[in-house]
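# Topology and contacts: notes
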Amino acid sequence: MALTEYPAGVAFPGVIGRTTDESAPAWPQPARAVPGSPNVLMVVLDDTGFGQLGCYGSPIATPNFDALAADGLRYTNMHTTALCSPSRSCIVTGRNHHSNGMAAITELASGYPGYNGVVPFENGFLSEMLLGHGYSTYMVGKWHLTPSNNETAAGPYDRWPLARGFERFYGFLGGDTSQWYPDLVYDNHQVESPATPEEGYHLSEDLVDKSMQFIADAKQVDPDKPFYLHLCFGAAHAPHHVAKEWADRYAGQFDDGWDAYREKVFAAQKKLGIVPEGTVLSRHDPDVPDWDSLPDPARRLYSRMMEVFAGFLSHTDAQLGRLLDFLRERGELDNTLVMVISDNGASAEGGPTGTTNEAQFFNNAQESLEDSLARIDEIGGPTTFNHYPWGWTWAGNTPFRRWKRETYRGGASDPFIVSWPQGITAKGEVRTQYAHIIDMVPTVLDVLGIEPPATIRGVTQSPMQGVSFAKTFDDAAVASDHHTQYFEMLGHRAIYHDGWRAVCPWPGPSFTEAGIGFGQPISADKLSELDATGWELYHVDEDFAENNDVADANRARLIALIGTWYVEAGRYSVMPVDGSGLQRMIAEKPQAAATRSTYTYIPGTQSVPFFAGPRVLNRPHSITASVEIPDGGAEGVLLCQGSAAGGYSLYMKDGALHYVHNYVSRSLHRVSSPEPVPAGAHALRFEFQPTGEPDLPAGKGAPGLLQLYVDDELVAASEAPVTIPFAINPGALTCGLNPGSPVTPDYSSPFPFTGTLHGVTVDVSGDLIHDSESEMRMAMARQ
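Let me sum up the structure you'll find in this document. (Residues numbered from 1 in each chain as written. Predicted model: local features only at pLDDT ≥ 70, side-chain atom pairs only at ≥ 80, totals over all residues. Heavy atoms only, no water.)

## Describing the overall build of the protein
Counted only if it meets this: In DSSP terms, a helix is any run of H or I states spanning at least four residues, a strand is any run of E spanning at least two, and both are numbered starting from the N terminus. The quantity called the radius of gyration is restricted to C-alpha atoms. Its globule counterpart is 2.2 Å times the number of residues to the power 0.38. The buried label applies to any residue whose accessible area, calculated with a 1.4 Å probe on protein chains only, is under 20% of its type's maximum; exposed applies above 50%, and partly exposed to all values in between. Note on contacts: a residue pair is in contact if any heavy atoms of the two residues lie within 4.5 Å. All accessibility values rest on the Shrake-Rupley procedure with a 1.4 Å probe; residue burial counts only the protein chains present in the view. Counting rule for charge: Lys and Arg are taken as positive, Asp and Glu as negative, and neither His nor the chain ends is counted. By convention, the charge on Lys lies at NZ, on Arg at CZ, on Asp at CG and on Glu at CD.
Secondary structure summary: the protein contains 17 helices and 31 strands in total. For the protein, whose C-alpha radius of gyration is 27 Å, the value lies close to the compact-globule estimate of 28 Å for 783 residues. The C-alpha extent of the protein, read off along each of the three principal axes, is 90 × 80 × 55 Å. Expressed as a percentage of the 783 residues in the protein, the buried residues total 61%. Sequence-distant contacts, at least 24 apart, represent 76% of the contacts inside the protein between residues at least 6 apart. Here the protein displays about 27800 Å² of accessible surface, and carbon together with sulfur accounts for 52% of that area. Taken together, the 53 basic and 94 acidic charged side chains of the protein have centroids lying 4 Å from each other.

Next comes the structure, spelled out in structure tokens:
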């Protein structure tokens, strides 16, 4: 990375004599981009299906995405890995996801080269490459490329954005976050959002504000320096958060249901030329009920959930529009290469019924239809963490079958838009050449006239695995140079070669039965059996939507493709094939903090992610705060974990000590001291003692006794008939205040403690009961 160097091969080009009068100085030269080099803007959407943008046939209004397509190109044969972190690693490196160690999301890392969740330094990021050629580099939004156990203040930080070539970062490290109360990181440290929802805050707006600020900061100093902005919206991943007026724009528009949506979108796709002539819409998914079979209350609820999703996506489009207007007004847009992609197909993690709170889904504690209907006006607002039913997922991937995490085209084919007014002559055209997201970096480098670097920071670089498709910009008929592409995601496999596609689903419970579609490890004999009988074959050059399995009629071709899959798997570190999720989730990871029975937290420090904090659910535990109460009393949070979606808080209010357990927003269980805590130094303690066993399949954590102590004297007790059974999500733990949405409506955030808080100690020496399947469900829904 040549940021400031002397010319290549020259130690010092000046002259050094005995004194300055017989010497000649020479300065190290900073890297400068070639004059006229275009800016690069990557826009990465989340969980946005092939049939969800207006320019791909959707009734959802996306005028700014549509305008980019009208001024550029839409690709109909672009492919992703079918999952979040893996796709994101391909987009920034130009290498396959297993080559990047990203077989799945970082939370499912396991101890094999293709699966360890650590992108090797020999696979340089586009940001590292462009930084060495004089570009400003900014990462804004969702990251999800750091090993999950390294996302704390303890680091290490070597796989955070600033260590991988981005000069500035503003966004969130994990897989999802609230749009109203996000888990924000600015460069290398946590920050709070600059405003509240009541003040009009929304994450998508904030991300675009920060994008514009970063660009303006540099441009006002060096107007000729190009930028690379990698903008990753949290949209359209759940929670689908948007102001009510945006959702209300779609009132009644989805009342005819997901079957009708598919028919309308498919008709529009044929008219727009998004699908080839003769394409047949894929069959009705067996896991999705017919819309007409649903009772009226369910249809009312599900329609509103889709209205909120549509408003969310339209709101995201409007924020992109603000950024494009900003660039246009400054004369930058015409020479900006824009690429828009989604990381995978639409997401089915809302399950068959959707949810007002994903924490209920994680905890097997789904509220009833009646309870969801009672909150219908809140859906999309700050008190919910909502997701739509998977019938809308299936519809969002029109015309394809299935969805995210599976290697059918519904999971792995996505909208892809390229716009570069100054560099692409063709306008509003459709491109059908086969491509994969590993081709994006080689294409950018090709356009910029930059060779992939041989080394970055002294590390020899691996070869690019994608190929440039820049020649397709102005030639609709030119053949693709991407002939073969393997797929593997949680055991689901596929292989593409020159117009044919073989797919092998992973055995195990159906999505409906398992909830998240993960399977179990299988033996080598079982894998051989799958190879013999489990593969399907589609001639996708003629069967765009993978409707007709022609394996029986083309056995020799199928056998050759299976062999090709194994060749590619060996080349790119795909082996061993592992369709498990649960085992990978619970496997011990390196570098994690040592397991201990006591944890001490200090006010004024960063929040601690759920998986790095104490596991207090379903076990005896205590929380002890060392405080000094001033004359006149004190109030505020001593320790809290979670949000309005579920969690607990130990706090003082009106002079008294309180504890609240929020059972996934379905009920609140409290205990309060009857008298104010007197002024002076005190040990304020909460204790939980289980009084029964958890019923994890029923979504019920252990009932127990909630007890409050002041200086070892029991001052109050009450019974909690049910507690959170497994996971608090969002689950950050904070000492001394409650950032984000308040765990309890008893106070408004952040409600900092106004006395002196020396520290809070959590003791979890009691036995832990846990539900590994729920842990897996939570991780997969956060991709």
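Resuming the write-up.
## Here we look at the packing of helix H1 (residues 63-70) against helix H7 (residues 296-329)
Which entries qualify depends on this criterion: Where helices are involved, their axes are fitted lines through C-alpha atoms of the stretch in contact, as for all axes, and angles between N-to-C directions lie from 0 to 180°. Angles below 35 degrees are treated as roughly parallel, those above 145 as roughly antiparallel, those between 65 and 115 as roughly perpendicular, and all remaining angles as oblique.
Contact pair H1 / H7: the axes reach a minimum separation of 7 Å and the direction vectors enclose 55°. As summarised for this structure, H1 and H7 are arranged oblique, according to the angle between their axes. Contacts from Pro-63, Asn-64, Phe-65 and Leu-68 in H1 reach Asp-317, Ala-318, Leu-320, Gly-321 and Leu-324 in H7.

## Quick word on the side chain of Thr-62
The condition is simple: Polar contact is defined as a pair of N or O atoms within 3.5 Å, subject to the rule that within protein one atom must be able to donate a hydrogen and the other to accept it, and that residues adjacent in sequence are counted only when both atoms are side-chain atoms.
With respect to the helices and strands, Thr-62 occurs in the loop between strand E3 (39-45) and H1. A polar contact is formed between the side chain of Thr-62 and the backbone nitrogen of Gly-54, at a distance of 2.8 Å. Excluding anything up to four places from it in sequence, Thr-62 contacts Leu-53, Gly-54, Cys-55, Leu-313 and Asp-317.

## Digging into the sheet that holds strand E17 (residues 484-489)
Note the threshold: In short, DSSP must find at least two bridges between two strands for them to pair.
On the basis of which strands lie adjacent, the open sheet formed by 4 strands has the order E17-E18-E19-E20 and antiparallel pairing. With one partner strand each, in any of the chains shown, E17 and strand E20 (536-538) form the two edges of the open sheet. Averaged over all adjacent pairs, the angle separating strand axes in this sheet is 15°, with direction ignored. Relative to strand E18 (residues 492-497), E17 runs antiparallel, the two sharing 6 bridges.

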